[in-house]
Amino acid sequence: MLSQQYRFHARGGVQYVYRHGRSVRGKLVSLTFMPNTRGKTRLAVVVSKKVAKSAVSRNRIRRRVYAAIQPLLPELTGPLDAIFTIYSPEVLTIDFTDLAQTIRSLLTDARMLPH
RNA sequence: AUGCUUGUCGAAAGCGAUUACUGGCGCUAGCCCUUGGGCUAGGCGCGAGAGGAAAGUCCGGGCAGCAAAGGAUACGGCAGUGGCUAACGGCCACCAGGGGCGACCCUAGGGAAAGUGCCGCAGAAACUAGACUACCGACUCUGGUCGGAAAAGGUGAAAAGAGUGGGGUAAGAGCCCACAGUUGGCUUUGGCGACAAAGUCAAGAGGUAAACCCUGCCGGCUGCAAGGAGAACUACAUGAAUAUGGCUAUCCGCCAGUAGUUCGAUCACCGCUGGAGCAUGUUGGCAACAUCAUGCCUAGAUAGAUAAUCGCAAUAGAGUAUGACUAAUAUCAUGCUUGAACAGAACCCGGCUUAUCCGACAAGCCCAUAC
RNA sequence: GGCCUCGUCGUCUAGUGGUUAGGACGUCUGGUUCUCAUCCAGAAAAUCGCGGGUUCGACUCCCGCAGGGAUCA
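Presented here is a report on the structure given in the accompanying data block. These numbers were taken from a predicted model, which means no experiment stands behind them.

Reading the values: rules and limits
Residues numbered from 1 in each chain as written. Chains lettered and ligands numbered in written order. Predicted model: local features only at pLDDT ≥ 70, side-chain atom pairs only at ≥ 80, totals over all residues. Heavy atoms only, no water. Axes fitted to C-alpha atoms, helices over the stretch in contact; angles between N-to-C directions. Helix = DSSP H or I, 4+ residues; strand = E, 2+ residues; numbered from the N terminus. Parallel < 35°, antiparallel > 145°, perpendicular 65-115°, else oblique. Left-handed = near helix turned anticlockwise from the far one by under 90°. Contact = heavy atoms within 4.5 Å. Nonpolar A, V, L, I, M, F, W, Y, C, P; charged D, E, K, R; others polar. Pairing = 2+ DSSP bridges. Core = buried A, V, L, I, M, F, W, Y, C linked by side-chain atoms within 4.5 Å. Buried < 20%, exposed > 50% of the residue type's maximum accessible area, 1.4 Å probe, protein only. Expected span 1.5 Å × (residues − 1).

Quick look at the packing of helix H2 (residues 55-69) against helix H3 (residues 96-109)
Here comes step 1: Their axes nearest at 9 Å, the elements H2 and H3 cross at an angle of 65°. Of the possible angle classes, the one that applies to H2 and H3 is roughly perpendicular. The handedness of the crossing between H2 and H3 comes out as right-handed. Across the interface between the two elements, Arg 64, Val 65, Ala 67, Ala 68 and Ile 69 of H2 pack against Phe 96, Leu 99, Ala 100 and Ile 103 of H3.
Here comes step 2: Within the contact of H2 with H3, the residues separate by chemical class into eight nonpolar, no polar and one charged.

See the structure below:
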């Protein structure tokens, strides 16, 4: 899991990012992001009920994505709000190294990671 | 017993490594001031961290608000009897009916003898009976017509709703008689009771109440997104008649001065987890359950914690092949393949329902027959 | 988390317990036309979301599941 300081806490924040942020699309996951003025980077993972019916599967997807981001946290540039939207239930089953690779390339495309 | 029945309990199954999360308690760092506190989601240590269904939200309760938590109607729910319980549509025991060789299982199980509705098609007729064929009698132009009859045929889910034998008759019929059976009333006996048994009197009454309805019992409404916060000023009204609003869908009854403007609280904090609590034992009870004693503290998140990843062994089990043994396809041995299900607390409890890999224990049944 | 609601041919919809279910649009076939559209005639197309129960009989009544859609700060 992510520490609380990296999470969103208010209801409106995620919707604001969806409306005003720029996005980078991947095959299984997309990234929506925008700079913020809080001085801290915030991250969120969105898994819709259409992707996975059971709450157990959705929780597991979220935890895997969080775990993939975890080692990259110190490298991230600038205070940003970022949301990962999951499209496919394959995230539950694919190899963890592949998942980590897709997350890393998404962050690189968004210029949140230096090359 | 390898075949069955019932109940109770457990529920990712090992070892290691790396990286993380959320509360609680203790210690501690920096900053601020009134030396005792506050702030910085600071740091370190100790200990804790999903379920039997946490699920569906189908019932019941606690709790909170609706100014008191009232009455009647409407509306909704429940339905054998007795008990248990905070309460229940739940549980236990029993009764009745049905199923099984049996252990045992199933039942939406009040009233159709209060009233109304419905019973399509077929059939003569579908519930105040009725006459198509066949039966009997009379008449006859020999084609039939009128009358009797509810026993036979055919139709239908159901045919007037008491079977067998005898009498009776033009032909027949509970029309009459005997025996058997059904339903209801009354009496006696047993039982707290549903009910059972015996006796006696009477009767002929189709089905459907998960159709309306009747009878009895229960329910005020809204739900933790409940609720916890209002204050000041201005205008009108003036002491409760009317109007308006609220409790409430309607009436009674009860309560409240009304409207506007400004400020403030609320992405925070409280509610929020110690409870009809859990474990062991005692006593009472057939049991559900209750009493008492001792011990214990056992999640509290909020874009939502309780985990993610890797490596090694591969356990239980499942599938399959060969062999041994056998009445047997059971069991045993070895090899190969596979490798734990359903599922995530969201105010809290008691149930029900549904999903589910497997395992353990207890009490029973059939009696050699079974893939 | 709470509360409410919906479902019938491909789509939109009718449907007293008595029909394996009616209509419109669309689809297909034939006709009309030099051809297409329009128009005319005909046909196919539905496990009434799923599983039980009540009833002689269920799309309809009752119970239980599985889905879709709204709403409450």
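There is more to say, and it comes next.
Topic: the sheet that holds strand S2 (residues 29-35)
Here comes step 1: The four strands are arranged S1-S2-S4-S3 in an open sheet whose pairing can be described as mixed. Looking at which strands have only one partner, the edges of the open sheet turn out to be strand S1 (22-25) and strand S3 (42-47). Averaged over all pairs of adjacent strands, the angle between strand axes in this sheet comes to 20°, irrespective of strand direction.
Here comes step 2: Here S3 runs beside strand S4 (residues 80-86); their pairing, made up of six bridges, is parallel. Residue Val 46 lies in a different strand from S4, and its bridge partner there is Thr 85.
Here comes step 3: Where H2 meets the sheet, it contacts S3 and S4, and its direction lies at approximately 150° from that of S3.

A look at the nonpolar core
What tends to happen in soluble globular proteins is that the nonpolar side chains get buried as a cluster.
Here comes step 1: In terms of nonpolar packing, the biggest core is built from 31 residues, with Leu 31, Phe 84, Ile 86, Leu 107 and Met 112 touching the most fellow members.
Here comes step 2: Ranked by residues supplied to this core, first place goes to H2 with five residues.
Here comes step 3: Residue contacts for Leu 107: discarding those within four places in its chain leaves Leu 31, Leu 72, Leu 76, Phe 84, Met 112 and Leu 113.
Here comes step 4: Core analysis: the second largest hydrophobic core is formed by five residues, Phe 8, Val 17, Ala 44 and Ile 83 among them.

Some points on H2
Here comes step 1: Compared with an ideal rise of 1.5 Å per residue, which puts 15 residues at 21 Å, H2 spans 21 Å between its outermost C-alpha atoms and is within 8% of the ideal.
Here comes step 2: What H2 keeps buried is the set Ser 57, Arg 58, Ile 61, Arg 64, Val 65, Tyr 66, Ala 68 and Ile 69.
Here comes step 3: Against the buried residues of H2 lie S3, S4 and H3.

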